[in-house]
Amino acid sequence: MDALECIKTRRSIRRFKDRPVPFELIGNILDSARLAPSAGNIQEWNFILVTEYKIREKISMAACMQTWMNDAPIYIVVCSDPGKAERFYGEKGEKLYCLQNAAAAIENILLAAHAQGLGACWVGACEEDQLRSAIGAPDNIRILGVVPIGYPAEEPRVPDKYPLTDVVFIDKWGNRIKDIAAYMGYYGEHIKKAAEKGKEIFRKMASGEKKSPSRKS
Ligand SMILES: Cc1cc2nc3c(=O)[nH]c(=O)nc-3n(C[C@H](O)[C@H](O)[C@H](O)COP(=O)(O)O)c2cc1C
């Protein structure tokens, strides 16, 4: 699947098959996390790969008792060192870039999982102190997300997403245009399908499979 299809078809998965994930796939996911963009390329992150059930259980408890997580055979816990970000970029590094960098890595994890036929979910509702203790991380390390990963056992419908018209402004705040698709030269699926259908009719007419419509005088 190409990158756009991967982005468009990814869903948060919260039910998993009882099936182990080959290490090669996990390696690709971790590598994708490592390759995410980060402010000034500081990469102040660590990724904890958790497979042991007892630790995963503690983590799900720390994640507001989201017990559905336990069915996923692996978790990736995304940690960040805000002190390092601060040394490079001061308060902005500590308070902002540190979160943004981790978010970019988490999105890469979600997409790399989906691209390989796996399911994953970004879990952010966590008690950070409890999480630190579950994985033995020091107090200065922030834990910015947990991603349970496994083979999906559900195909959730696409949740409601705001249309482009609602979320895109042109040039200035609040400047909406109604037909954003036409403005951007982007044509939705229905228009693409109509064009394909038209091409097919012309192809059939050219090959003699179909008569051309008679002209009305
Ligand atoms: C910052 C953040 C925190 C989230 N935390 C949780 C969580 O704790 N538990 C959960 O089940 N889903 C969590 N999600 C997943 C969202 O619920 C999900 O992305 C959203 O419903 C849209 O669905 P989609 O991912 O299928 O597009 C989180 C997502 C983000 C970005």
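Please read these numbers as outputs of a predicted model, since none were measured by experiment.

## Overview of helix α5 (residues 128-135)
One turn of the α-helix equals 3.6 residues, which is why residues spaced by three or four share an orientation.
Phase 1 of the analysis: Considered for burial, the residues of α5 that qualify are Leu-131, Arg-132 and Ala-134. In a view along the axis of α5, the buried residues occupy a sector of 160 degrees, so they form one face of it. Along α5, the residues that are exposed and aim more than 90 degrees away from the buried face are Asp-129 and Ser-133.
Phase 2 of the analysis: Where α5 is buried, its residues meet α3 (53-62) and β4 (142-150).
Phase 3 of the analysis: The first or second residue beyond α5 is Gly-136, which carries a positive phi of 70 degrees.

## Comments concerning unusual backbone geometry
Phase 1 of the analysis: Residues other than glycine seldom take positive phi values, yet Gln-43 does so here, at roughly 50 degrees.
Phase 2 of the analysis: Within the chain, Asp-171 stands out as a residue other than glycine whose phi angle is a positive 65 degrees.
Phase 3 of the analysis: Looking at the secondary structure, you find Asp-171 in the loop between α6 (164-167) and α7 (180-183).
Phase 4 of the analysis: On the basis of neighbour count, Asp-171 is assigned to the exposed category, with 5 C-beta atoms found within 10 Å.

## Things to note about the domain arrangement of the protein chain
Phase 1 of the analysis: The domain boundaries assigned to the protein chain delineate domain 1 (3-150) and domain 2 (164-207).
Phase 2 of the analysis: Computed from C-alpha atoms alone, the centre-to-centre distance between domain 1 and domain 2 is 36 Å.

## Considering the packing of α3 against α5
Phase 1 of the analysis: Where α3 contacts α5, the two axes come as close as 8 Å, and the packing angle between them is 175 degrees. On the basis of the axis angle, α3 is roughly antiparallel to α5. Here Ile-55, Lys-58, Ile-59 and Ala-62 of α3 lie close against α5, whose contacting residues are Gln-130, Leu-131, Ala-134 and Ile-135.
Phase 2 of the analysis: For the contact of α3 with α5, a count of residues per class yields six nonpolar, one polar and one charged.

## Section: the packing of helix α2 (residues 23-34) against helix α4 (residues 82-115)
Phase 1 of the analysis: As a packed pair, α2 and α4 sit with axes 8 Å apart at the nearest point and diverge in direction by 150 degrees. Between α2 and α4, the crossing angle belongs to the class labelled roughly antiparallel. In the crossing of α2 with α4, the sense of the turn from one axis to the other is right-handed. Facing Asn-28, Ile-29, Ser-32 and Ala-33 of α2, the residues of α4 in contact are Ala-105, Asn-108, Ile-109, Ala-112 and Ala-113.
Phase 2 of the analysis: For the contact of α2 with α4, the residue count by class is six nonpolar, three polar and no charged.

Calculation criteria
- Residue indices begin from 1 for each chain and proceed along its sequence in written order.
- The predicted nature of this model means local features are confined to residues of pLDDT at least 70 and side-chain atom pairs, given and counted, to a pLDDT of 80 or more, with totals for whole chains, interfaces and linings taken over all residues.
- Residues are called buried when their C-beta atom has 20 or more other C-beta atoms within 10 Å, exposed when it has 12 or fewer, and partly exposed otherwise; all C-beta atoms are positioned from the backbone.
- Helical segments are the DSSP runs of H or I of at least four residues, strand segments are the runs of E of at least two, and each set is numbered from the N terminus.
- Directions from the helix axis toward the C-beta atoms define the arc.
- The contact rule is simple: place each C-beta atom from the backbone, and if two of them lie within 7 Å, those residues are in contact.
- Domain ranges listed in this record stem from an automatic or a database domain assignment.
- Note on definitions: angles span 0 to 180 degrees between N-to-C directions of axes, and those axes are lines fitted to C-alpha atoms, for helices only across the stretch in contact.
- In what follows, roughly perpendicular refers to angles from 65 to 115 degrees, roughly parallel to angles under 35, roughly antiparallel to angles over 145, and oblique to any angle outside these ranges.
- Each residue is assigned to one class: nonpolar for Ala, Val, Leu, Ile, Met, Phe, Trp, Tyr, Cys and Pro, charged for Asp, Glu, Lys and Arg, and polar for all the others, Gly among them.
- Note: crossing handedness is left-handed where the near helix turns anticlockwise from the far helix by less than a right angle, and right-handed where it turns clockwise.

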